[in-house]
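The residues making up each chain are set out below.
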Amino acid sequence: MKINETVEKALNEQINRELYSAYLYLAMAAYLDDLNLPGAAHWMRIQAQEEIGHAMKLYDYVVERRGRVVLEGIAKPPAEWGSITDVFESALKHEEEITSHINNLVDLAQEEGDHATVSMLKWFVDEQVEEEDSVDTILQKLKYLGEDGRSLIILDRELAQRQG
Ligand code: FEO
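The structure reproduced in this document is the subject of the present report.

### With respect to the overall build of the protein chain
At step 1: A tally of helices and strands in the protein chain yields five helices and zero strands.
At step 2: The secondary structure elements of the protein chain, listed N-terminal to C-terminal, are α-α-α-α-α.
At step 3: With the C-alpha coordinates aligned to their principal axes, the bounding extent of the protein chain is approximately 55 × 25 × 25 Å.
At step 4: Sequence separation of 24 or more characterises 83% of the internal contacts of the protein chain that already satisfy a separation of 6 or more.
At step 5: Entry remark: accessible area of the protein chain is about 9,100 Å², with carbon and sulfur atoms responsible for 53%.
At step 6: If you average the places of the 16 positive and of the 32 negative side-chain charges in the protein chain, the two averages end up 3 Å apart.

### Quick notes on the nonpolar core
At step 1: Of all hydrophobic cores here, the largest spans 28 residues; its most connected members are M28, L32, M44, I84, V87 and F88.
At step 2: Listed by contribution, the elements that provide at least two residues to this core are helix 1 (5–34), helix 2 (38–64), helix 3 (84–111), helix 4 (115–145) and helix 5 (149–159).
At step 3: Aside from chain neighbours lying at most four places away, what touches M44 is Y25, M28, A29, L32, V87, F88 and A91.
At step 4: In this structure, A10, L58, V69 and F124 belong to the second largest nonpolar core, which totals 17 residues.

Rules used in this analysis
Residues numbered from 1 in each chain as written. Predicted model: local features only at pLDDT ≥ 70, side-chain atom pairs only at ≥ 80, totals over all residues. Heavy atoms only, no water. Helix = DSSP H or I, 4+ residues; strand = E, 2+ residues; numbered from the N terminus. Contact = heavy atoms within 4.5 Å. Areas by Shrake-Rupley, 256 points an atom, 1.4 Å probe, with all protein chains shown as cover. Lys, Arg positive; Asp, Glu negative; His and termini not counted. Charge placed at Lys NZ, Arg CZ, Asp CG, Glu CD. Core = buried A, V, L, I, M, F, W, Y, C linked by side-chain atoms within 4.5 Å. Buried < 20%, exposed > 50% of the residue type's maximum accessible area, 1.4 Å probe, protein only.

This is how it looks when you write it as structure tokens:
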């Protein structure tokens, strides 16, 4: 069944949010590169790629349901944060907001009786649990280790190991 206009519009808005997420994480990578934390910057670059993957998953789904993908402008992300801890705190807050949007999308798809979209969104519901957990794990390590030079070098080496 062709996707209805209400769900199509809401999924297009989510495509924009995922692309903004990529842009936000790339901005965080640039800030971390500037702090000379290449491992943390690498982690954020991989995260930016993942967000493009999320956008494309929604894009492909809209096409599959004979809908129309309409791209809007992507908002300018911040350029400055207070510290690496501030970066990961902002990332966690952002992911929590994305989780709320995904939950709202599920509610909408249910209200519209669109079972296929509810089923597709299950992947995103599960993914958000992982996304929040991975950012929170790094945040907790930052809080335990502190931000002295030696701790940051250890954490930065660990973050450099993230695979795409
Ligand atoms: Fe696409 Fe990080 O949620």
